[in-house]
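# Structure at a glance
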Amino acid sequence: MAYVSQDLKAKLAPAIKAICKKYGVKASLAVGNHSTLVLNVKSGKIDFISDYGDTPEARKDAEKFGIQVNPYHYKSHFDGKSKKFLSEVIPAMNNGNHDNSNIQIDYFDVGWYINVNIGKWNKPYTVE
């Protein structure tokens, strides 16, 4: 059963904050429903919107509503500095995690889930 404690968050936070600082990104780390480690990216030097999606419509929706990053397919959804940042921060968020799931038999066994949110529906991400 997936579980994230405040102690685990505190253990992973220094590495995640160092990556955010390296890329000039302001973000907060939280625990959601005791099962998910959540990184909320608020602002920074990276233009996630320009690096996201293949169509102008996708970028427009992302700018308006924010982006919920798919931790399994972010490499195909982002380019440039955004992809480099996510390629460092997502493995840091999964440090010590395990995934023994077997979707074919509907068996899910993970240490914890992760969410990366770029902006929010009521407060968009801002490029500094």
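Our structure is the block above this text.
First, a word on scope: everything that follows refers to the structure included in this document. (Residues numbered from 1 in each chain as written. Predicted model: local features only at pLDDT ≥ 70, side-chain atom pairs only at ≥ 80, totals over all residues. Heavy atoms only, no water.)

What follows deals with the packing of aromatic side chains. Under the definition given, this model contains 5 aromatic pairs. Measuring from ring centre to ring centre gives 5.8 Å for Phe 48 and Phe 85, while their planes differ by 75 degrees; the resulting arrangement is edge-to-face. Taken together, the positions of Phe 48 in the loop between strand S2 (36-44) and helix H2 (56-65) and Phe 85 in helix H4 (residues 80-93) put the pair 37 residues apart, joining distant regions of the chain. With a centroid separation of 5.2 Å and an interplanar angle of 85 degrees, the aromatic rings of Phe 48 and Tyr 125 are classed as edge-to-face. Residue Phe 48 is found in the loop between S2 and H2, and its partner Tyr 125 is found in the loop between strand S4 (113-118) and strand S5 (126-127); the two are separated by 77 residues along the sequence. According to the relative accessible area criterion, Phe 48 is buried, its value standing at 0%. Residue Tyr 125 is classed as buried on the basis of its relative accessible area of 10%. (Phe/Tyr/Trp six-rings, centres within 6.5 Å; stacked < 30°, edge-to-face > 60°. Helix = DSSP H or I, 4+ residues; strand = E, 2+ residues; numbered from the N terminus. Buried < 20%, exposed > 50% of the residue type's maximum accessible area, 1.4 Å probe, protein only.)

Before going further, it helps to spend a moment on the packing of helix H1 (residues 6-23) against H4. Taken N-terminus to C-terminus, the directions of H1 and H4 make an angle of 170 degrees; their axes are 9 Å apart at the nearest point. As judged from the angle between their axes, H1 and H4 are roughly antiparallel. On the side of H1, the interface is formed by Leu 12, Ile 16, Ile 19, Cys 20, Lys 22 and Tyr 23, while H4 contributes Lys 81, Lys 84, Phe 85, Glu 88, Val 89, Ala 92 and Met 93. When grouped by side-chain class, the residues that make up the contact of H1 with H4 number 9 nonpolar, no polar and 4 charged. (Axes fitted to C-alpha atoms, helices over the stretch in contact; angles between N-to-C directions. Parallel < 35°, antiparallel > 145°, perpendicular 65-115°, else oblique. Contact = heavy atoms within 4.5 Å. Nonpolar A, V, L, I, M, F, W, Y, C, P; charged D, E, K, R; others polar.)

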